[in-house]
Amino acid sequence: MKSYIENVYNKVVEKDPGQEVFHQAVEEVLESLEPAIEKYPKFKEHAILERIVEPERVILFRVPWLNKDGEVKVNRGFRVQFNSAIGPYKGGLRFHNTVNLGVLKFLGFEQTFKNGLTGLPMGGGKGGSDFDPHGKTDAEVRNFCHNYMTELYKHVGQFTDVPAGDIGVGAREIGYLYGMYRKITNKHGTCVLTGKGPTYGGSLIRPEATGYGTVYFVQEMLKTKNENLKDKKVCISGSGNVAQFAAEKSNQLGAKVIAMSDSSGWVHDPDGIDQEKLEWIMELKNVRRGRIKEFAEEFKGVEYHTDKSPWYLPCDIAMPCATQNEVDAKEAKALVDNGVIALGEGANMPLTPDAIEIVQEANVLYAPGKAANAGGVSVSGLEMAQNSMRYFWTREEVDQKLHQIMVSIHKTAYDTAELFGEKGNYVLGANIAGFLKVANAMVAQGYIS
Ligand code: NDP
Ligand code: 2IT
């Protein structure tokens, strides 16, 4: 069995040797699927592994746009439509200068299993561009988003593919993308994007959903050890959408957030980043689009560091909410040595494979991103449901449904791990549970794709 799985993995690497992060994501999933492939021979007979590692479709296009000096610039646009066995492709758009096909294949692959775990009918997809919104004017971002959509609109739609935000794509970008879609298709109200503003079809709680959901998942893991978040010291990386609301929910549950970061450095606030300070950070990041360094300049007793990382700070709970491979083996070792109890991945694949091994061996409660950060796409699914009904739910209703979904994902991952003899291994539990949902649908539908 091992050699069959290794063969599938080796072919992935041979076909696209430059796509290292995609290989990493595939390896992590395939490794943990071994007991499921052994238990259910039908998956091998139907070549499910060989098919599930290959996107159904990849769309690549050029996006010209005008900069503030009137010069024409060109970036690449992508949409990776990974798997639609259980529903329309669904997943975010990332605008960052590190975006390439390998990165988006890794994210689309992860999204396929994540969406399977949510219990909602959503396939997996991911897209974006190597356009970097940092330092761009509003007009430049608007112009880019509009031109990006003049191609993307041909490939998306409520029954086909429904993008949302990710790094570099927030409420502002979704607004511009949606505006252009509406104009060129002359259609309003169809759910072609999620994360829309609340005045034009967006769901309440969607901005909060990924961060809140990550904390709800951590809360469920802590419960298995009769623990909770009260008075726990929390380190968070990033200060964007996911980080902000992971911090907010941590505060609401009585924890103390002592660190946040951006790509230039990190801040340490021994008194805790309470709601008032967090709102200052939200304004800094979402409106003024400034740097986290300014937080340390504004508030007494806060230190700003550009060396090392927040993971060297003693804490009880760690939530990496920035980007892939941001926690390496040394940092994981520091977290373990300093007594971390739980680690919930708000970001997608933030731990390197060595780092995962270290936290798992130390019996840290460790939640992989495809389970812990599934709250974002879950509320996207709820946004689609509300749009279809031409209706909306209150904040309380959506938050309650989000909470239920996170409790259910935790239970599914926990129970599946136990069923396969690996109690407490959320990586194995989440990978197998997400896989079974999608793989069974692929078998049922025949080898059409
Ligand atoms: P944002 O763009 O809102 O924030 C990203 C944050 O991470 C910023 O603080 C950014 O710093 C930092 N960051 C980004 N890239 C790097 C890097 N290479 N090195 C160090 N810091 C970096 O994105 P989100 O909060 O939406 O996304 C964060 C993570 O969560 C991503 O992994 C994303 O895939 C994942 N995710 C997001 C979901 C969502 O609903 N938005 C859902 C599920 C997962 P700076 O400002 O300096 O760039
Ligand atoms: O990684 C993710 O799950 C997201 N960026 C959110 C996807 C979505 O469709 O809401």
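That block above? That's the structure.
Thresholds, definitions, all that
- Residues numbered from 1 in each chain as written.
- Chains lettered and ligands numbered in written order.
- Predicted model: local features only at pLDDT ≥ 70, side-chain atom pairs only at ≥ 80, totals over all residues.
- Heavy atoms only, no water.
- Near = heavy atom within 4 Å.
- Polar contact = N/O pair within 3.5 Å; in protein donor to acceptor, adjacent residues only side chain to side chain.
- Areas by Shrake-Rupley, 256 points an atom, 1.4 Å probe, with all protein chains shown as cover.
- Helix = DSSP H or I, 4+ residues; strand = E, 2+ residues; numbered from the N terminus.
- Nonpolar A, V, L, I, M, F, W, Y, C, P; charged D, E, K, R; others polar.
- Pairing = 2+ DSSP bridges.
- Axes fitted to C-alpha atoms, helices over the stretch in contact; angles between N-to-C directions.
- Buried < 20%, exposed > 50% of the residue type's maximum accessible area, 1.4 Å probe, protein only.
- Right-handed = clockwise from strand over helix to strand, strands pointing away.
- Phe/Tyr/Trp six-rings, centres within 6.5 Å; stacked < 30°, edge-to-face > 60°.
- Lys NZ or Arg CZ within 6 Å of the ring centre and 35° of its normal.
- Contact = heavy atoms within 4.5 Å.
- Patch = residues over 30% accessible without salt bridge, like charges linked within 9 Å, V, L, I, M, F, W, Y side chains within 5 Å.
- Salt bridge = Lys/Arg side-chain N within 4 Å of Asp/Glu carboxyl O.
- Core = buried A, V, L, I, M, F, W, Y, C linked by side-chain atoms within 4.5 Å.

Asks: Would you take a moment to explain the site of ligand 1 for this structure?
Replies: Inspection of the region around ligand 1 gives 25 residues, with His134, Asp166, Thr210, Ser263 and Arg291 positioned closest. Take Arg94: an N or O atom from its side chain is 2.9 Å from an oxygen atom of ligand 1. Burial of ligand 1 by the protein chains amounts to 84% of its free accessible area of 880 Å². Among the elements of the structure, helix H8 (206–223), helix H9 (241–252) and strand S7 (256–262) are those that each provide at least two residues to the shell around ligand 1. Here the residues of the shell around ligand 1 are counted per class, giving five nonpolar, 14 polar and six charged.

Asks: Looking at this structure, I do not really get the site of ligand 2. What am I missing?
Replies: Around ligand 2, 14 residues are found, and the nearest of them are Lys90, Lys114, Lys126, Arg206 and Ser380. A distance of 3.0 Å separates a nitrogen atom of ligand 2 from a polar backbone atom of Gly165. The separation between an oxygen atom of ligand 2 and a polar side-chain atom of Ser380 is 2.6 Å. When isolated, ligand 2 has an accessible area of 290 Å², and the protein chains bury 95% of it. Broken down by secondary-structure element, the contributors of at least two residues to the shell around ligand 2 are strand S3 (89–95), helix H5 (101–118) and helix H15 (375–389). Classifying every residue of the shell around ligand 2 gives two nonpolar, seven polar and five charged.

Asks: In this structure, what is going on with the sheet that holds strand S4 (residues 124–129)? I would like to understand it.
Replies: By definition, the strands of a sheet pair up through backbone hydrogen bonds, in either a parallel or an antiparallel sense. With mixed pairing, the five strands of this open sheet are ordered in space as S1-S2-S4-S3-S5. Of all strands in the sheet, those with a lone pairing partner are strand S1 (57–66) and strand S5 (161–164), marking the two edges. In this sheet, adjacent strand axes meet at a mean angle of 20° when their direction is disregarded. Here six bridges tie strand S2 (residues 72–83) to S4, and the two strands are oriented antiparallel to one another. Opposite Arg79, over in S4, you have Gly127 as the bridge partner.

Asks: I'm lost on the side chain of Thr194 in this one. Help?
Replies: Residue placement: Thr194 occurs in the loop between helix H7 (171–185) and H8. On the accessibility criterion, Thr194 (0% relative accessible area) is buried. Only 3.0 Å separates the side chain of Thr194 from the side chain of Lys90, close enough to count as a polar contact.

Asks: Could you clarify how one ought to interpret the pairing of S3 in this entry?
Replies: Sheet faces and side chains relate simply in a regular strand, where the side chains alternate between the two faces. For S3, a buried count of seven out of seven residues is recorded, marking the element as mostly surrounded by other parts of the structure. Here four bridges tie S3 to S5, and the two strands are oriented parallel to one another. The partner of Gly91 across the bridge, within S5, is Pro163. Taken together, the three bridges between S3 and S4 define a ladder with parallel strand orientation. Residue pairing in the sheet places Leu93 in a bridge with Gly127 of S4. As for the winding sense of the linkage, the β-α-β connection from S3 through H5 to S4 is right-handed.

Asks: Is there a simple way to think about the packing of aromatic side chains in this case?
Replies: Two aromatic rings are characterised by how far apart their centres lie and by the angle between their planes. Considering all chains together, one arrives at 23 aromatic pairs under this definition. With 5.4 Å between their ring centres and 70° between their planes, Phe95 and Tyr148 make a pair best called edge-to-face. Taken together, the residues span a long stretch of sequence, with Phe95 in strand S3 and Tyr148 in helix H6 (residues 138–152) at a distance of 53 residues. With respect to burial, Phe95 and Tyr148 carry one shared label: buried. Three or more aromatic residues joined by ring pairs form one cluster here, namely Phe61, Trp65, Phe95, Phe131, Phe144 and Tyr148. Sitting above the plane of the Tyr212 ring, Lys249 keeps its charged end 4.4 Å from the centroid. A cation over a ring is seen here: Lys401 above Trp393, with NZ or CZ 4.5 Å from the ring centre.

Asks: Looking at this structure, how should I read the environment of Leu33?
Replies: By the element assignment, Leu33 lies in helix H2 (residues 20–39). Not counting the four nearest positions on each side in its chain, Leu33 is found in contact with Leu49, Asn431, Ile432 and Phe435.

Asks: I keep staring at unusual backbone geometry and nothing clicks. Help me out?
Replies: Most of the time, phi is negative for any residue but glycine, and the peptide bond is trans. Positive phi is not limited to glycine here, since Ile205 has a value of about 75°. Structurally, Ile205 can be placed in the loop between H7 and H8. Given a relative accessible area of 3%, Ile205 falls into the buried group. Not every positive phi belongs to a glycine, and Arg390 is a case in point at roughly 55°.

Asks: Whenever I open this one, a nonpolar patch on the surface confuses me. Can you help?
Replies: Together, Leu66, Val72 and Val74 make up a nonpolar patch on the protein surface, roughly 290 Å² of accessible area in all. Residue position: Val72 is located in strand S2. Classification of Val72 as exposed rests on a relative accessible area of 59%.

Asks: I keep staring at the environment of Gly123 and nothing clicks. Help me out?
Replies: Summarising the element assignment, Gly123 is placed in the loop between H5 and S4. Assessed through its relative accessible area of 3%, Gly123 is described here as buried. Among residues more than four places away in sequence, those in contact with Gly123 are Asn83, Ser84, Ile86, Gly87, Pro88, Tyr89, Lys90 and Asn115.

Asks: Looking at this structure, I do not really get the sheet that holds S7. What am I missing?
Replies: Strand order in this open sheet of seven strands is S9-S8-S7-S6-S10-S11-S12, and the pairing throughout is mixed. With partners counted over all chains shown, the strands left at the sheet margins are strand S9 (303–305) and strand S12 (365–367), one partner each. For this sheet the average axis-to-axis angle between neighbouring strands, irrespective of direction, equals 15°. As defined by bridge partners, strand S11 (residues 342–344) adjoins S12 across three bridges and the pair is classed as parallel. By the bridge assignment, Gly344 is partnered in S12 with Ala367.

Asks: Whenever I open this one, the nonpolar core confuses me. Can you help?
Replies: Among soluble globular proteins, nonpolar side chains are generally buried collectively. Of all hydrophobic cores here, the largest spans 57 residues; its most connected members are Phe217, Ile236, Met260 and Met319. Looking at this core element by element, the count peaks at eight residues for H8. If sequence neighbours within four positions are ignored, Met319 has contacts with Thr214, Val215, Val218, Val234, Cys235, Ile236, Ser237, Ala246, Ser250, Trp311 and Gly344.

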